[in-house]
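Listed below, chain by chain, are the residues.
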Amino acid sequence: MHPTMKYPFWLFVLSVAFIALSASCNKPPPPPPVSSALPPPTPETVVARLTQPNLPAILPHKIDPATAFPQALASLSPTGTAPKVLAPSATASKDDASTATSPDDEQTTDDYKIVDPNRPPTKGLTADGVTTDLVMHDWTGIVLVPLDTSVSRAHTVLVTIDRIEAHPLDDGQVRIWARIRNISNGPLPSEVACSFRTAESPEPERPIFYKLDIPHGDYRDVFFVSPDGRNLNSYTVLVRSGDESTSASGSLH
């Protein structure tokens with residue numbers, strides 16, 4: 001081929017490259033990636049998330065008009081509405097308190113008073129394993145009860161968990177209440193914990209157990225606070241028998 005015939009070919013190549021470069025420069029930038037992270041929880045989103053779950057990983061709950069934990073009223077927020085209180089039932093040692101008490105047993109918070117100087121003050125644990133007293137006034141007054149007891153509890157045969165409630169708090173955390181009853185033949189040194197699963201941390205961290213002594217035939221109420229700033233999926237209250245071969249991180253009383 002004659003050298004002068006190559007010029008049109010290279011001119012064509014350069015023209016195509018220039019057109020392609022111009023097109024790429026005029027192409028609009030790609031849209032920013034959509035974040036899958038949920039915003040921090042609020043009391044409203046907590047209730048909606050747990051009562052209307054849209055994922056199998058979320059433990060379904062129902063709203064209950066009454067609580068079985070009258071001592072929880074000490075944590076009621078100034079803007080919260082106090083629920084009714086379930087009166088104690090003799091059958092609660094075998095059945096869940098929500099089914100062991102009839103509507104006639106429900107009382108208003110003004111009528112219901114507990115005076116038991118022999119019962120130690122209720123204490124609880126935060127998600128990071130810190131023992132805490134019930135001193136915060138942050139409960140909205142809403143009572144949520146889990147529908148699937150097989151997920152919400154795991155315990156030794158020496159105890160029953162009569163009742164579990166989830167109390168949404170003003171900051172979006174959830175305070176989990178549990179009533180643990182000793183059905184063994186004597187005093188029971190036990191250890192308690194609660195594992196939390198959230199949208200941000202689907203796999204629970206290793207639970208931190210604390211010692212809890214329960215007299216024969218009696219019960220103890222404990223509470224656990226979910227991780228701060230995380231959207232709760234589910235939780236499991238754990239109770240195991242304490243003995244010399246196991247060691248807990250602390251004591252609830």
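Residues numbered from 1 in each chain as written. Predicted model: local features only at pLDDT ≥ 70, side-chain atom pairs only at ≥ 80, totals over all residues. Heavy atoms only, no water.

Colleague: Lay out the side chain of Ser 234 with the relevant residues and their values.
Modeller: Topologically, Ser 234 is positioned in strand β14 (residues 232-241). A polar contact is formed between the side chain of Ser 234 and the side chain of Arg 197, at a distance of 2.8 Å. Dropping the residues within four chain positions of it, Ser 234 is found in contact with Ala 57, Leu 59, Ser 195, Phe 196 and Arg 197. (Helix = DSSP H or I, 4+ residues; strand = E, 2+ residues; numbered from the N terminus. Polar contact = N/O pair within 3.5 Å; in protein donor to acceptor, adjacent residues only side chain to side chain. Contact = heavy atoms within 4.5 Å.)

Colleague: With reference to specific residues and values, describe the sheet that holds strand β8 (residues 153-155).
Modeller: Taken together, four strands build an open sheet; the order of strands is β8-β14-β11-β12 and the sheet is mixed. Edge strands, defined here as strands with exactly one partner in the open sheet, are β8 and β12 (210-214). In this sheet, adjacent strand axes meet at a mean angle of 25° when their direction is disregarded. Bridge analysis of strand β11 (residues 188-198) against β12 gives five bridges, and the strand direction is antiparallel. (Pairing = 2+ DSSP bridges. Axes fitted to C-alpha atoms, helices over the stretch in contact; angles between N-to-C directions.)

Colleague: So, the pairing of strand β13 (residues 219-225): which residues are in play, and what are the values?
Modeller: Burial runs high along β13: seven of the seven residues are buried. Both faces of β13 are covered, namely the face carrying Tyr 219, Asp 221, Phe 223 and Val 225 and the face carrying Arg 220, Val 222 and Phe 224. Note that strand β5 (residues 123-126) and β13 share three bridges and pair parallel. Across the sheet, the residue bridging to Leu 125 is Phe 224, located in β13. Looking at chain direction, strand β10 (residues 174-182) and β13 are connected through seven bridges and run antiparallel. Bridge pairing links Arg 179 to Asp 221 in β13. (Buried < 20%, exposed > 50% of the residue type's maximum accessible area, 1.4 Å probe, protein only.)

Colleague: I'd like a rundown of the pattern of salt bridges, residues and numbers included.
Modeller: What the rule picks out here adds up to seven salt bridges. The salt bridge partner of Glu 165 is Arg 163, with a shortest N-O separation of 2.8 Å. Exposure class is identical for Glu 165 and Arg 163. Each is buried. With its nearest N and O atoms 2.7 Å apart, the salt bridge here joins Arg 240 to Glu 191. Here Arg 240 is found in strand β14, whereas its partner Glu 191 is found in strand β11, with 49 residues between them in sequence. We classify Arg 240 as partly exposed; its relative accessible area is 30%. A residue is classified by how much of its surface remains accessible, and Glu 191, at 2% relative accessible area, is buried. Residues joined in a network through salt bridges with shared partners are Asp 64, Arg 163 and Glu 165. (Salt bridge = Lys/Arg side-chain N within 4 Å of Asp/Glu carboxyl O.)

Colleague: Lay out the environment of Gly 141 with the relevant residues and their values.
Modeller: Positionally, Gly 141 belongs in the loop between β6 (131-133) and β7 (143-146). Residue Gly 141 is classed as buried on the basis of its relative accessible area of 9%. Taking the C-alpha atoms as reference points, Gly 141 and Leu 76, 65 residues apart in sequence, are found 6.2 Å from one another. Filtering out sequence-adjacent residues up to four positions away, Gly 141 remains in contact with Leu 76, Thr 81 and Pro 83.

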